[in-house]
Amino acid sequence: MLQFKQLSLTQRIVLGMLAGIATGVFLRQLFPDNAFVDTYLTQGLFLVVGKIFVASLQMLVVPLVFVSLVVGTCQLKDASTLGRLGGKSILLYLLTTAIAIALAMTAATLIAPGHGLDMDTSATFDAAQAPALSQVFIDMFPRNPIEAMAKGNMLQIIVFALLFGFAMAISGKPGERLAAVFEDLSSVIMSLVTILMNLAPYGVFCLLAKLFTEMGLGTIANLAEYFLVVFGVLVVHAIMVYPTLLSVFTRLNPKPFMKKMRDAVLFAFSTASSNATIPVTMETATRKLGVHNSVASFTVPMGATINMDGTAIMQGVATVFIAQVYGIDLSFGDFISVIVTATLASIGTAGVPGVGLIMLAMVLQQVGLPVEGIALIIGVDRLLDMTRTAVNITGDTMVTCVVGKSEGKMNTDVYYDENAGLKEEEVHLTR
């Protein structure tokens, strides 16, 4: 029998996930109101280890994004290339978001999870207001880059890193000397990522054990059909839409892509944070899929900020579900309005905290549905949020591959190499 440390990283993370879910359900069923379990396990061991794990990932996000983006930008040496990368990335992210919400609304209309459902519609929900689009653009430019890094404001960090990297590219010898330092920093940070990935099974175990100890299965049962529709569309989008788009735009076989995304997807599911998963997504895109850092360092952080495919799917299903619960019919014009609003809002609300619920409130108001309906579905949102994040980072990486291939910045030999990015012991296990 293989020892735990001899298993591949993916196998260890999966075991951690399954053990965490089983432990949480077990404790919830056998000790529902036990003070010891709540104090020393749920709010003690599980909370502390889980929080430390997520905080450790988040610790790497700002230095990784800044350093990688500076290194990638200073290698471009051409502002037009940067503009082309940005244009391709944004168009692809908008396309996948539009497909996601259209697919979600179609599935929800056909399955009708809200029809005949007896739910308390008196619940209330206070939605935060989305800022004006002009303010979003103004806030992209940092007044103080150090403050932006301290607060983890990803859009401001991206803008400053782009400007700094471009300045290095046109600075001659001083820029070249500084570029060498940043390249060394990038290597050191990626080594830190590898260290943290080896601790992932334990962090994943504690995160899921805490979640299922607190939530239980009863919350999901009350909204089972809604939950299954959202979950089903998320899975379809991840395993059918993304591979199809990858194949159409790059002519690459999507099987290596799906196989190599496993570690990043498991990380994203456990942390429920695209930003916290950036280090793992970056490593997957560059070391396992062969995309050059000059592309991945730009498209991955941008995707973590503006790619809202998973959120768009939730919005599409939730909009139809809430309309059905309240007995309100949506016209074809309403459907188009929801698709357009949610797609454009994914750019217009980029970087806004709590953007998912803000966007849903915006969509509901657009078609005249009660915003209070959000309170009906918020109970299962945490578990769905984990799945949405896994879908989002898969989309980020797919777009990264498409842009990298179109720019000639992708090594297809690495893409098709099954052992690319694996450690020696993991290579041995795959043979």
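Just so it is clear, the structure is predicted and the values come from calculations on it, not from any experiment.

So, how was this worked out
Residues numbered from 1 in each chain as written. Predicted model: local features only at pLDDT ≥ 70, side-chain atom pairs only at ≥ 80, totals over all residues. Heavy atoms only, no water. Helix = DSSP H or I, 4+ residues; strand = E, 2+ residues; numbered from the N terminus. Expected span 1.5 Å × (residues − 1). Buried < 20%, exposed > 50% of the residue type's maximum accessible area, 1.4 Å probe, protein only. UniProt positions renumbered as here; feature names shortened; annotations may be inferred. Core = buried A, V, L, I, M, F, W, Y, C linked by side-chain atoms within 4.5 Å. Contact = heavy atoms within 4.5 Å. Phe/Tyr/Trp six-rings, centres within 6.5 Å; stacked < 30°, edge-to-face > 60°.

1. Things to note about helix H13 (residues 293-306)
Point 1. Spanning 14 residues, H13 covers 20 Å between terminal C-alpha atoms, matching the ideal 20 Å at 1.5 Å per step.
Point 2. Here H13 lies mainly inside the structure; 14 of its 14 residues are buried.

2. Quick notes on the UniProt feature "transmembrane region" (unreviewed entry) in the chain
Point 1. Feature annotation in UniProt assigns "transmembrane region" (unreviewed entry) to the following positions: residues 12-31, 43-71, 91-112, 154-171, 192-212, 224-252 and 335-364.
Point 2. Along residues 192-212 the backbone is 100% helical and 0% strand, and the end-to-end C-alpha distance reaches 30 Å.
Point 3. With 93% helix and 0% strand, residues 224-252 has its two end C-alpha atoms placed 37 Å apart.

3. So, the nonpolar core
Point 1. Among the nonpolar cores identified, the biggest contains 120 residues, and Ile13, Phe53, Tyr226, Phe257, Phe267, Ile278 and Met398 are the most heavily contacted of them.
Point 2. With 14 residues, the top contributor of residues to this core is helix H2 (residues 35-76).
Point 3. The residues touching Phe267, leaving out its near neighbours within four places in the chain, are Ile13, Phe53, Leu57, Met197, Ala200, Thr277 and Val280.
Point 4. Counting residues in hydrophobic clusters, the runner-up holds five residues, among them Leu27, Phe46, Cys206 and Ala209.

4. Things to note about the packing of aromatic side chains
Point 1. In this structure the tally under the stated criterion is 12 aromatic pairs.
Point 2. Look at Phe26 and Phe31: their rings are 6.4 Å apart centre to centre, the planes differ by 75°, and that puts the pair in the edge-to-face class.
Point 3. Phe26 gets classed as partly exposed once you look at its relative accessible area, which sits at 44%.
Point 4. Its relative accessible area of 36% is what places Phe31 among the partly exposed residues.
Point 5. Plain terms: the ring middles of Phe66 and Phe160 are 5.7 Å apart, the flat faces sit at 10° to each other, and that makes the pair stacked. With Phe66 in helix H2 and Phe160 in helix H6 (residues 154-169), this residue pair connects regions lying 94 residues apart in the sequence.

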